[in-house]
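Residue-level structure breakdown
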Amino acid sequence: MRKMIVAGNWKMNTTLPEGEKLVKELVDLLSDYKGEKGIIIAPPFTHLNAVNNLITNTSIHLAAQNCASEESGAYTGEVSAAMIAATGAKYVILGHSERREYFNESGETLLRKTQLTLQNQLNPIFCIGEQLTQRESEQHEATVKKQLEETVFKLPKSDFEKLILAYEPVWAIGTGKVASPEQAQEMHAFIRQLIVEKYDEKTAENMSILYGGSCKPNNATELFSQQDVDGGLIGGASLKAEDFRAIINS
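1. Description of unusual backbone geometry
Of note, Gln121 is a non-glycine position whose phi angle comes to about 60°, a positive value. Despite not being glycine, Ser214 shows a phi value in the positive range, around 55°. For Ser214, the location among the structural elements is in the loop between strand E7 (209–211) and helix H11 (220–224). Ser214 gets classed as buried once you look at its relative accessible area, which sits at 17%.

Following this line, the structure appears as C-alpha cells:
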C-alpha cells in the first residue's frame, strides 16, 4: 500500500545556523507526532550532515536537492550520490522544474542521476510537470508522458518501485496560483494509469505520487483528500516550521 508523504524542499534558502534553528523548531513541534505520513526535508548540501545529526531518532528523514550525473572525478562544484549517502540522507530530489529550466537538465542526464542515486541506496523523488503554455495548449498530459518515457520509464520495475514521483504544475510554483484539487487528481490519476500501462497495476497502486505546486496549510487538506494525491512536495511553506507542521497534520 502506498504511503502518504510530505517532503519539504528548502531550495537555496537558509544559512547553516538558520537551517539548524529551523530543524530544531520542527523537531520540537513534531516531538509527539503520531501520524502515518512520512516526513522528509531537503536542506542545501551544506546543511546535510548537521541536519542529519539533529533529526536522528525522530520521525523526520533527510533528502538532498540534487546530485551529480557522474560518480566522481574532475567535476568542480558537483556533489556525488555517494557523498550524499555518506551524510545519512536517504532521498534525492531529481528532475525539479528549476533544474530542468535553469540548468538545462536533459532526460538523459536525469536518467543517469537516477541510476546513480539507486546504486548508492538512495531513493529518488522524481519530479515531472508542465509549463503554463503546455497546460493552456492542452499538451500537459503529452508533456508528462514524454518526461517519464525519456527517463524513469527506462528503469526495470525493481528500480522504478523505489521511486517517489512528484507532479509539479510548473505554472503554480511560486506564482501564487495553485492547481485545483480536481486538476491535481486528474493528473495524478493519469500518471498512475501510465504506470499501469508501462509496468502493472500493483506497481502503480504502490507508487506514492506527491503534489508539488504551491501547497500550503490552507489548501493541503483538500489536495491530500484526492484519491491519487499521496502528499506534497512543499516549497516556501517548508521554511516555516509551524506551516510545515500544519501541512503534515492536514
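2. Observations regarding the packing of aromatic side chains
Per the counting criterion, the structure on display carries 3 aromatic pairs. Ring centres of Phe153 and Tyr199 lie 5.8 Å apart, and the angle between their planes is 80°; this geometry places the pair in the edge-to-face category. You can see Phe153 sitting in the loop between helix H7 (140–149) and helix H8 (157–160) and its partner Tyr199 sitting in the loop between helix H9 (181–198) and helix H10 (201–206), a full 46 residues away along the chain. For Phe153, a relative accessible area of 7% corresponds to the buried category. For Tyr199, a relative accessible area of 15% gives the class buried. Arranged with centres 4.5 Å apart and planes meeting at 20°, the rings of Phe160 and Tyr199 form a pair that is stacked. Of this pair, Phe160 sits in helix H8 while Tyr199 is found in the loop between H9 and H10, placing the two residues 39 residues apart along the sequence. As far as the burial class goes, Phe160 and Tyr199 line up, both buried.

3. A word on the environment of His140
Here His140 is to be found in helix H7. Residue His140 is classed as buried on the basis of its relative accessible area of 10%. Sequence-wise, His140 and Glu130 are 10 residues apart; in three dimensions their C-alpha atoms are separated by 5.5 Å. Ignoring sequence-local partners within four residues, the contact set of His140 consists of Glu130, Gln134, Arg135 and Met187.

4. Here's the deal with the pairing of strand E3 (residues 60–64)
For E3, the buried fraction is high: 4 of the 5 residues fall into the buried class. The parallel pair strand E2 (residues 38–42) and E3 is bridged by helix H2 (residues 48–55), and the resulting crossover is right-handed. In this sheet, strand E4 (residues 91–94) lies alongside E3 in parallel orientation, the contact comprising 2 bridges. The residue bridging Ala64 from the neighbouring strand is Val92, located in E4. At this point the chain moves from E3, through helix H3 (residues 81–86), to the parallel E4, and the crossover so formed is right-handed.

5. What to know about the pattern of salt bridges
Pairs may arise between side chains of opposite charge once their charged atoms sit close together. Evaluated as defined, the whole model comprises 15 salt bridges. Of the charged contacts in the structure, one is a salt bridge between Glu105 and Lys113, with a shortest N-O distance of 2.6 Å. Per residue, the accessibility class of Glu105 equals that of Lys113, and both read buried. A salt bridge links Arg135 to Glu130; its shortest N-O distance comes to 3.0 Å. When sorted by exposure, Arg135 lands in the same class as Glu130, which is buried. Salt bridges sharing partners connect three or more residues here, namely Arg2, Arg192, Glu205, Asp228 and Asp230.

6. Some remarks on the packing of H7 against H9
One way to put it is that H7 packs onto H9 with a least axis distance of 11 Å and a crossing angle of 40°. The orientation of H7 relative to H9 falls into the category oblique. When the axes of H7 and H9 are compared, the crossing they make is right-handed. Each of His140, Glu141, Val144, Lys145 and Leu148 in H7 lies in contact with H9, whose residues at this interface are Met187, Phe190, Ile191 and Leu194.

Reading the values: the criteria
Residues numbered from 1 in each chain as written. Predicted model: local features only at pLDDT ≥ 70, side-chain atom pairs only at ≥ 80, totals over all residues. Heavy atoms only, no water. Helix = DSSP H or I, 4+ residues; strand = E, 2+ residues; numbered from the N terminus. Buried < 20%, exposed > 50% of the residue type's maximum accessible area, 1.4 Å probe, protein only. Phe/Tyr/Trp six-rings, centres within 6.5 Å; stacked < 30°, edge-to-face > 60°. Contact = heavy atoms within 4.5 Å. Right-handed = clockwise from strand over helix to strand, strands pointing away. Pairing = 2+ DSSP bridges. Salt bridge = Lys/Arg side-chain N within 4 Å of Asp/Glu carboxyl O. Axes fitted to C-alpha atoms, helices over the stretch in contact; angles between N-to-C directions. Parallel < 35°, antiparallel > 145°, perpendicular 65-115°, else oblique. Left-handed = near helix turned anticlockwise from the far one by under 90°.

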